[in-house]
Amino acid sequence: MNSTGFIFDLDGVIVDTAKYHYLAWKKLANELGFEFTKEQNELFKGVSRKRCLEILLDIGNITATQEQFDTWMVEKNIDYLAYIEKMDASEILPDVPKILQFLKDKNIPIALGSASKNAKPILEKVNLLHYFDAIVDGNNVTKAKPDPEVFLIAAKQLGISANNCVVFEDAKAGIQAANAANMVSIGIGDSSILTAAKYNFKNFTEIDFSFLKTLLS
Ligand code: BG6
Ligand code: MG
């Protein structure tokens, strides 16, 4: 039995869906009469759909009734899913399948730990679902990142103790969650944002097998 488990975030780590989340939120903001910039979209990474809408309405200085809030949540997701519908394996981020295959060949347990409620259909779309021994997503948690719940459930499902798990994350809240879970946090993306990560890489092309082997030992 292997003693190390690997947990991957989805959006921004496995696939670049942040751009589709952005386009769907931007459309809603424009309909409500204000702009939503790519810089502001940074605040949405790793954050639940509900919290994203709360932040968006703050940006637009808009007060919503519960009914409006619920309608906009649904509307944003319908627009987002229209982009997901067109996705295929070409949208997997560079070298992700190579890393997953390396771990699979060694029988290392692999989990997904994502805030998204759309995680499973996305993994199916890009044909990566079969790599994962456990999928923990926005449908399975009560507390959003930076709370460690999502990663702790993933570790439990893999049957690996938390301090023997490695987490790949592109969001600040995700790195905080991994650290709070006592896991090895690996930041994928901008190291000036992911300062709390134990290791930082721009993307998976910078990660070689010898580094992965050191994490296994
Ligand atoms: C996270 C994204 O993975 O999932 C966030 O980084 C997103 O931007 C969140 O809001 C929830 O996603 P979904 O698919 O449930 O709306
Ligand atoms: Mg992410």
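Residues numbered from 1 in each chain as written. Chains lettered and ligands numbered in written order. Predicted model: local features only at pLDDT ≥ 70, side-chain atom pairs only at ≥ 80, totals over all residues. Heavy atoms only, no water.

Chemist: When you look at unusual backbone geometry in this model, what are you seeing that I'm missing?
Modeler: Most peptide bonds are trans, and most residues other than glycine sit at a negative phi. Along the chain, Lys145 connects to Pro146 via a cis peptide bond; the corresponding omega equals 20°. Looking at where Pro146 falls in the secondary structure, it is placed in the loop between strand E3 (134-136) and helix H7 (149-158). Of note in the backbone geometry, Asn61 takes a positive phi value of approximately 55° without being a glycine. With respect to the helices, strands and loops of the structure, Asn61 is situated in the loop between helix H3 (49-59) and helix H4 (66-85). Classification of Asn61 as exposed rests on a relative accessible area of 71%. (Helix = DSSP H or I, 4+ residues; strand = E, 2+ residues; numbered from the N terminus. Buried < 20%, exposed > 50% of the residue type's maximum accessible area, 1.4 Å probe, protein only.)

Chemist: Teacher, can you tell me more about the pattern of salt bridges here?
Modeler: Oppositely charged side chains can pair when the atoms bearing their charge come close. Evaluation of the coordinates by the stated rule reveals 13 salt bridges. Residue Glu35 pairs with Lys26 through a salt bridge whose shortest N-O separation is 3.0 Å. The partner of Lys27 in a salt bridge is Glu31, with the nearest N and O atoms 3.3 Å apart. Placement of both Lys27 and Glu31 in helix H1 (residues 18-31) is noted, with a separation of four residues, approximately one turn of the helix. The class for Lys27 is partly exposed, based on a relative accessible area of 38%. On the accessibility criterion, Glu31 (46% relative accessible area) is partly exposed. Beyond isolated ion pairs, a larger network of salt bridges with shared partners links Asp9, Lys145 and Glu169. (Salt bridge = Lys/Arg side-chain N within 4 Å of Asp/Glu carboxyl O.)

Chemist: Help me understand helix H5 (residues 96-105), please; the structure alone is not making it clear to me.
Modeler: The periodicity of an α-helix, 3.6 residues per turn, causes residues three or four places apart in sequence to face the same way. Three or more residues of H5 are buried, namely Val96, Ile99, Leu100, Phe102 and Leu103. The buried residues of H5 occupy one face: seen down the axis, they fall within an arc of 155°. One or two steps after H5, the chain reaches Asn107, where phi turns positive at roughly 60°. (Arc of directions from axis to C-beta.)

Chemist: Where do I start with the environment of Gln101 in this structure?
Modeler: Take Gln101: it is sitting in helix H5. The partly exposed category is assigned to Gln101, whose relative accessible area is 33%. Along the chain, Gln101 and Tyr131 lie 30 residues apart, while their C-alpha atoms are 7.8 Å from each other.

Chemist: How should the sheet that holds strand E6 (residues 199-201) be read in this particular structure?
Modeler: Strands pair in a sheet through their backbones, by hydrogen bonds, and they do so in one of two ways: parallel or antiparallel. If you walk across this open sheet you meet the six strands as E3-E2-E1-E4-E5-E6, and the pairing is parallel. Bordering the open sheet on either side are E3 and E6, each of which pairs with just one other strand. Strand-to-strand twist in this sheet, taken as the mean axis angle between neighbours without regard to direction, amounts to 20°. The pairing of strand E4 (residues 165-169) with strand E5 (residues 184-188) spans four bridges and is classified as parallel. Each bridged residue has a counterpart across the sheet, and for Phe168 the counterpart in E5 is Ile186. Strand contacts of H5: strand E1 (5-8) and strand E2 (110-113), with the helix running at about 155° to E1, the strand carrying the most contacts. (Pairing = 2+ DSSP bridges. Axes fitted to C-alpha atoms, helices over the stretch in contact; angles between N-to-C directions. Contact = heavy atoms within 4.5 Å.)

Chemist: For this particular structure, what's the right way to read the nonpolar core?
Modeler: If you look at the biggest cluster of nonpolar residues, it comprises 38 residues, and the most contacted ones within it are Phe8, Ile14, Leu128, Phe132 and Phe168. No other element matches the five residues that H5 contributes to this core. Counting residues domain by domain, this core receives three or more from each of domain 1 (5-15 + 91-216) and domain 2 (18-84). With residues up to four places along the chain from it excluded, the contact list for Phe132 reads Phe8, Ile14, Leu100, Ile110, Ala111, Leu112 and Leu123. (Core = buried A, V, L, I, M, F, W, Y, C linked by side-chain atoms within 4.5 Å. Domains from an automatic or database assignment.)

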